[in-house]
Amino acid sequence: MKRVLTAIGSALLAAFLLIILKNEYARLLPVSTYGMQAAIAQEETENLFIGSSMFRQGLSIDVLEEELPGNSYILSYNGNQPALMAMELQYMLEEGLKIQNLYIDLYPYTAAADPWISDTKILLDTDLDFKLRAWRLMAESGEASFSDFFEFFVTANNEQLLTYPVNNRLVSSQFRNGGTLLSQEGSTKEELDALGTLGGREGLNEAQVQGYREIAALAEQYDLNLYFLETPKYERMYQDEDYRELYELCLQEVRELERSWNGSGSFAVICAEELNFDTSDAANYQDLIHLSAEGRKEYTKLLCVAVAGR
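Scope of this entry: the structure provided in the associated data block. Fair warning: this is a prediction, and the values are worked out from it, not measured in the lab.

Scanning the chain from terminus to terminus reveals 16 helices and seven strands. What you see for the chain is a C-alpha radius of gyration of 20 Å, in line with the 19 Å of a compact globule of 310 residues. For the chain, the spread of C-alpha atoms along the principal axes amounts to about 75 × 45 × 40 Å. Counting over 310 residues, the chain shows a buried share of 51%. Of the accessible surface of the chain, which amounts to about 14,400 Å², a share of 52% is contributed by carbon and sulfur atoms.

Spelled out as structure tokens, the structure:
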């Protein structure tokens, strides 16, 4: 019986150590061309874009590299939220990444959501301390369960680690400096009109609003130029009352940050509606909120012109 208990204890200890090693050191694997560690490895980037799939599908790395001075990097995770973007920015700055111009995704639905990591690739890019802080943030929302905890720290990304050489090569072929190299076709008006909108939310989440504030504070502390960007949505979204309500609430929050800005760098909010982008052309969109490859190029060109004029 004693041998059995010793074997069980040894197995549990080994499993615990593997979990600790994974959560602390997986970030040290050779980096691909996507994610936080790839950005940190560059040591310096003049233009850092942090956002959700709005940025991955909405920004062309080719155009950014052609039109903006210096090098550019797009850090995008599915469902990336302001509270997590603040944590990601702090993590990269503390890891030594030097930035001049910081561009933040202004997408209302992520600002209205409870804190949550939708894209577990973030967990491969960070240390245990980051994960613990992210988990506390998620747990405070009251929605996290033990099964979520188990997935977060134990099972998430195990298949990617087991197939790392192949997976890393695949990811690297699809991205450059965080920007997608895949070409997504546009839609037709009939296809977009058949899609349902995203529904309502009960205002902005306070943790996400605090995320905007922390981003601005970090930009002040590190003397960054700060830009908030709203990528173009299809015209139906701008006619949707739920989207407009959240959009206006987001603008109120960032405009308040702009009024209280004390940084040595500049502060700007660039909304899609300020640019000469055709939000009625279905060919510019994959769906109601994500741009097609052609839409991505067109928007990024207009954005670079707007940035140059600031």
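The next thing to look at is the packing of helix α5 (residues 82–94) against helix α13 (residues 206–221). Running from N to C, α5 and α13 point in directions that differ by 30 degrees, and their axes come no closer than 7 Å. What the angle tells us is that α5 and α13 run roughly parallel. For the pair α5 and α13, the crossing hand works out as left-handed. Contacts between α5 and α13 pair P82, A83, M85, A86, L89, Q90 and L93 from the former with A207, Q208, G211, Y212, E214, I215 and L218 from the latter. By residue class, the composition of the contact of α5 with α13 is ten nonpolar, three polar and one charged.

Spanning 13 residues, α5 covers 18 Å between terminal C-alpha atoms, matching the ideal 18 Å at 1.5 Å per step. Taken across its 13 residues, α5 has eleven buried, putting it largely inside the fold. Of the positions making up α5, those classed as buried are P82, A83, L84, M85, A86, M87, E88, L89, Y91, M92 and L93. Note on α5: the residue one or two positions beyond its end, G96, has a positive phi of about 105 degrees.

Attention shifts here to the pattern of salt bridges. Going through the model one piece at a time under the given rule, you end up with 13 salt bridges. Between D193 and K189 there is a salt bridge whose closest N-O contact spans 2.6 Å. Here the residue D193 and the residue K189 both occupy positions in helix α12 (residues 189–193), the gap between them amounting to four residues, near one helical turn. Judged by its relative accessible area of 46%, K189 is partly exposed. As a salt-bridge pair, R255 and E258 come within 3.2 Å of each other at their nearest N and O atoms. Remark: E258 and R255 occur in helix α15 (residues 241–259); sequence separation between them is three residues, near one turn of the helix. Taking the relative accessible area as the measure of exposure, R255 reaches 28% and is therefore partly exposed. Accessibility expressed as a relative area gives 30% for E258, which makes it partly exposed. What you see here is one network of salt bridges that share partners, running through D62, E65 and R176.

With that settled, the discussion passes to the nonpolar core. One finds F49, I50, M92, L102, L226, F228 and L229 to be the most contacted residues of the largest nonpolar core, which totals 94 residues. For this core, the element with the highest residue contribution is α5, accounting for nine residues. For M92, the contacting residues outside a window of four places in its chain are M36, A39, I40, L48, I50, L75 and L97.

Buried residues of helix α9 (residues 146–155): D148, F152 and F153, and no others. When α9 is viewed along its axis, its buried side chains cluster within an angular range of 105 degrees and face the same direction. Just downstream of α9, N157 is the residue with a positive phi angle, here 70 degrees.

Conventions used here
Residues numbered from 1 in each chain as written. Predicted model: local features only at pLDDT ≥ 70, side-chain atom pairs only at ≥ 80, totals over all residues. Heavy atoms only, no water. Helix = DSSP H or I, 4+ residues; strand = E, 2+ residues; numbered from the N terminus. Rg over C-alpha atoms; globule rule 2.2 N^0.38 Å. Buried < 20%, exposed > 50% of the residue type's maximum accessible area, 1.4 Å probe, protein only. Areas by Shrake-Rupley, 256 points an atom, 1.4 Å probe, with all protein chains shown as cover. Axes fitted to C-alpha atoms, helices over the stretch in contact; angles between N-to-C directions. Parallel < 35°, antiparallel > 145°, perpendicular 65-115°, else oblique. Left-handed = near helix turned anticlockwise from the far one by under 90°. Contact = heavy atoms within 4.5 Å. Nonpolar A, V, L, I, M, F, W, Y, C, P; charged D, E, K, R; others polar. Expected span 1.5 Å × (residues − 1). Salt bridge = Lys/Arg side-chain N within 4 Å of Asp/Glu carboxyl O. Core = buried A, V, L, I, M, F, W, Y, C linked by side-chain atoms within 4.5 Å. Arc of directions from axis to C-beta.

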